[in-house]
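The chain contents come next:
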Amino acid sequence: MAPFLGLFCAFDGGIDTSFSFPLPHRPFCGLSPAVRGIPARPLGSVEVITGSMFSGKTEELIRRIKRAILARQRVQAFKPRIDDRYDAHRIVSHEAVSVDAVAVGTSASIEERILEETDVVAIDEAQFFDRGIVEVCDRLANRGLRVIAAGLDQDYLGRPFPPMPELMAIAEEVTKVHAVCSVCGGPACRSQRIISEATTVLVGGAECYEARCRGCFEPREVPRTLF
Ligand code: ADP
Ligand code: MG
Ligand code: ZN
């Protein structure tokens, strides 16, 4: 009898007809590969954590890394070499929580460093990478890895911060986190630059930026028509 697909979950080897659904380490979607007549291949995914500065992106990334390690998965973490604000070899949140990471200059160096046994690839400050980061994340997910990338969605003028829009587009899951607006205390989605410096990439912390909501954000220098 043909299985009633709505009730059944497909895992590695075939169809699970029980009514309890244990979560496999690397699930397969839809019909099992055996049923579809194609070779078994684990599915990876891309998760993006995004928001303004101080919104807790790094904290959330570290939380997911720690949970993956608790689940005995092998994690490799990366950050752009440009971000040496707190530590050159660790991902560090504004609350000084940290995990080991490798600082790399390009997206290609991330791909080159991925080990055969790696399950999870975590990337912080993804907005500072070249556009190749999108293809790299996509390829790694296609190889069966779980990729988690955290980064700013907007620059200091409120413009989409490449390559985050593309990364969000190819991601299975996007989490937007919010800071607290330094002016009104509401949920903040923008990073207000508080020093006069016109370059898009200015790595800094509370001395250069504060979190602001849409209403309290004051984009300087460039009119919004550039959006
Ligand atoms: P992000 O990576 O998004 O810049 P982090 O995860 O490094 O943020 O840091 C988040 C932490 O920053 C919060 O837990 C909080 O202690 C601190 N923080 C400082 N200013 C703010 C703010 N305006 N809103 C929220 N958190 C803030
Ligand atoms: Mg951060
Ligand atoms: Zn506000």
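Please read all numbers here as calculations on a predicted model, not as lab measurements. (Residues numbered from 1 in each chain as written. Chains lettered and ligands numbered in written order. Predicted model: local features only at pLDDT ≥ 70, side-chain atom pairs only at ≥ 80, totals over all residues.)

**Things to note about the overall build of the chain**
Regarding its fold elements, the chain presents 5 helices and 14 strands. In the chain, which comprises 227 residues, the share counted as buried stands at 33%. Taking all contacts inside the chain whose residues are at least 6 apart in sequence as the whole, residues at least 24 apart take part in 66%. (Helix = DSSP H or I, 4+ residues; strand = E, 2+ residues; numbered from the N terminus. Buried ≥ 20, exposed ≤ 12 C-beta atoms within 10 Å, placed from the backbone. Contact = placed C-beta atoms within 7 Å.)

**Structural notes on the site of ligand 1**
Around ligand 1, the surrounding shell holds 15 residues, and the nearest of these are T58, E59, S93, H94 and A179. The set of elements that each furnish at least two residues to the shell around ligand 1 consists of helix 2 (57-70) and strand 11 (179-180). Broken down by element, the residue count for the shell around ligand 1 peaks at 3 residues, all from helix 2. Of the residues in the shell around ligand 1, the class split is 5 nonpolar, 7 polar and 3 charged. (Near = placed C-beta within 6 Å. Nonpolar A, V, L, I, M, F, W, Y, C, P; charged D, E, K, R; others polar.)

**Here's the deal with the confidence of the model for the chain**
Mean pLDDT over the chain: 83, with 78% of residues reaching 70 or higher. Taken as a whole, residues 1-25 scores under 50 in pLDDT and shows 27 contacts with residues more than four places along the chain or in a different chain. Across residues 222-227, where pLDDT falls below 50, the model places 4 contacts with residues more than four positions away in sequence or in other chains. (pLDDT = per-residue confidence, 0-100.)

**Here's the deal with the pairing of strand 14 (residues 209-212)**
Where a strand is regular, its side chains alternate between the two sheet faces. The two faces of strand 14 match: Y209 and A211 on one face and E210 and R212 on the other face are all buried. In this sheet, strand 14 lies alongside strand 13 (residues 190-193) in antiparallel orientation, the contact comprising 4 bridges. Bridging across to strand 14, R193 finds its partner in Y209. (Pairing = 2+ DSSP bridges.)

**Focus on the environment of Q127**
Within the secondary structure, Q127 is located in the loop between strand 8 (120-123) and helix 4 (132-142). Considering only alpha carbons, one finds Q127 and P80, 47 residues apart in sequence, at a separation of 9.1 Å.

**Quick notes on the sheet that holds strand 4 (residues 75-80)**
Spatial strand order, 7-4-8-9-3-10: 6 strands in an open sheet with parallel pairing. Every interior strand has two partners, whereas the edge strands, strand 7 (102-104) and strand 10 (173-177), have only one. The average undirected angle you get between the axes of adjacent strands in this sheet is 20°. With 4 bridges connecting them, strand 4 and strand 8 associate as parallel partners. Among the inter-strand pairings, A77 is bridged to a residue of strand 8, identified as A122. Against the sheet, helix 2 engages strand 3 (45-51), strand 4, strand 8, strand 9 (146-152) and strand 10, with an angle of about 165° to strand 9. (Axes fitted to C-alpha atoms, helices over the stretch in contact; angles between N-to-C directions.)

**Details of helix 4**
Where helix 4 is concerned, the buried positions are I133, V134, V136, C137, L140 and A141. Looking down the long axis of helix 4, one finds its buried residues gathered within 165° of arc, a one-sided arrangement. In this fold, the buried residues of helix 4 make contact with strand 3, helix 3 (107-113), strand 8, strand 9 and helix 5 (164-170). One or two positions beyond helix 4, positive phi appears at G144, with a value near 105°. (Arc of directions from axis to C-beta.)

**A word on the nonpolar core**
Counting residues in each nonpolar core, the largest one holds 43 residues, and the members touching the most others are L61, A122, A126, C137, V147, A149 and L167. Listed by contribution, the elements that provide at least two residues to this core are strand 3, helix 2, strand 4, strand 8, helix 4, strand 9, helix 5 and strand 14. It is helix 4 that contributes the most residues to this core, 6 residues altogether. Sequence-distant contacts of L167, that is, excluding residues within four places in its chain, are made with V48, A126, I133, V134, C137 and A149. (Core = buried A, V, L, I, M, F, W, Y, C linked by C-beta atoms within 7 Å.)

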